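Structural characterization, general
Take a look at the letters that make up each chain.
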Amino acid sequence: MLYLVLVLTIAFDVLAGVLAAAETSVMLLAPGRVHRLVEAEQPGAEKLETLASRPHRLRAVSAFVAGAGFGASVLLGVTAGGMLPEIGGTAAAALGAVLMLLVTFALAQALPRSLAVANPERIGLGAATAALASTKAIYPLARAMGVPWAWTTSLSTSECISSAWATGDEYRFAESDEASDREGAEEALLEAVSSFAEKVA
């Protein structure tokens, strides 16, 4: 049992670290910079651009795997602590869980995110392949598990949020972009009509 939980913890934490690094890189790199990396034919650039085009999917999978990693770490700490009766079964289990949570946070979240902040391009390109494959495989499950939360959100807010992993601010930002495009088109049309009227006159 202990070895199975250990293997699961390591697998979840490694994957969570890769996803955390990719997520941080996507957040820091401007879309134009990612597109230039694609034009320069950098290895992994196309996959990084795919991740950047749908960041909510990457965030969803990253959160899902991180949660699974923390859960496995707690289970490992409790299992290992319970094997030390001389310290005290409950106290040892609690101590093991806390220690494993700290180790998991440091190695699977803080470290990869810090590396990505220091060098987002290199880390993002390196993590893009594994992150994209994981996102494609895990996102349907993460989305399915988010359906109840989306339904609860629809009951408590008047905003139309179709994705459980997108915020109201993101949708308002998208709507403001659409409004700006419409205003620009209207101004161009008015200028064209005004110019035509002046020529006719």
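This text goes with the structure placed above it.
I will try to describe carefully the structure that is included in this document. Keep in mind that what you see is a predicted model, and the values were worked out from it rather than measured. Here the residue index of a chain counts from 1 through its sequence in written order. A pLDDT threshold of at least 70 governs which residues receive local features in this predicted model, and a stricter bar of 80 or more applies before side-chain atom pairs are shown or counted, although totals over entire chains, interfaces and linings include all residues. Hydrogens and water are ignored here; the side-chain numbers use all heavy atoms of the structure.

This paragraph deals with the environment of Ala133. Secondary structure is summarised from DSSP: a helix means a run of H or I of at least four residues, a strand means a run of E of at least two, and numbering begins at the N terminus for each. Within the element layout of this structure, Ala133 appears in helix H6 (residues 120-156). For every residue, the accessible area (1.4 Å probe, protein chains only) is compared with the maximum for its type, and the residue is labelled buried under 20%, exposed over 50%, or partly exposed between those bounds. For Ala133, a relative accessible area of 48% puts it in the partly exposed group.

Looking at the secondary structure, you find Thr135 in helix H6. Any N or O atom pair separated by 3.5 Å or less is treated as a polar contact, with the protein-specific requirement of one donor-capable and one acceptor-capable atom, and with residues adjacent in sequence counted only for side-chain atom pairs. Polar contacts involving the side chain of Thr135 include one to the main-chain carbonyl oxygen of Ala131, which spans 2.7 Å. Note on contacts: a residue pair qualifies if any of its non-hydrogen atoms lie within 4.5 Å across the two residues. If near-sequence neighbours (up to four positions away) are discounted, Thr135 is found in contact with Leu19, Leu51, Arg57, Leu58, Val61 and Pro140.

All right, on to the pattern of salt bridges then. Note on pairing: side chains with opposite charge can pair once their charged atoms come close. Note on definitions: salt bridges are taken to be side-chain nitrogens of Lys or Arg within 4 Å of carboxyl oxygens of Asp or Glu. A full pass over the atoms with the stated rule returns 2 salt bridges. Glu23 is the salt-bridge partner of Arg113, the closest N and O atoms lying 3.0 Å from each other. With Arg113 in helix H5 (residues 89-118) and Glu23 in helix H1 (residues 2-28), the pair connects residues that are 90 residues apart, well separated along the chain. A residue is classified by how much of its surface remains accessible, and Arg113, at 25% relative accessible area, is partly exposed. The exposure class of Glu23 is buried, given its relative accessible area of 11%. The residue Glu121 makes a salt bridge to Arg33 at a minimum N-O spacing of 2.5 Å. With Glu121 in helix H6 and Arg33 in helix H2 (residues 31-39), this residue pair connects regions lying 88 residues apart in the sequence.

Leu19, Leu48, Leu51, Leu58, Val61, Val65 and Ala131 are the most contacted members of the largest nonpolar core, which totals 23 residues. At the level of secondary structure, the elements contributing two or more residues to this core comprise H1, H2, helix H3 (45-53), helix H4 (55-82) and H6. Take this core: its biggest share by element is 7 residues, from H6. The contacts of Ala131, once residues within four sequence positions are left out, are Val18, Leu19, Ala22, Leu51 and Leu58. By nonpolar core we mean a set of buried residues, namely Ala, Val, Leu, Ile, Met, Phe, Trp, Tyr and Cys, connected to one another through side-chain atoms within 4.5 Å.

Take H2 next. Along H2, the residues classified as buried are Val34, Leu37 and Val38. The buried residues of H2 occupy an angular sector of 100° when the element is viewed end-on, so they sit on one face. Downstream of H2 by a residue or two, Glu41 has a phi angle that is positive, lying close to 55°. What the arc describes is the spread of directions from the helix axis to the C-beta atoms.

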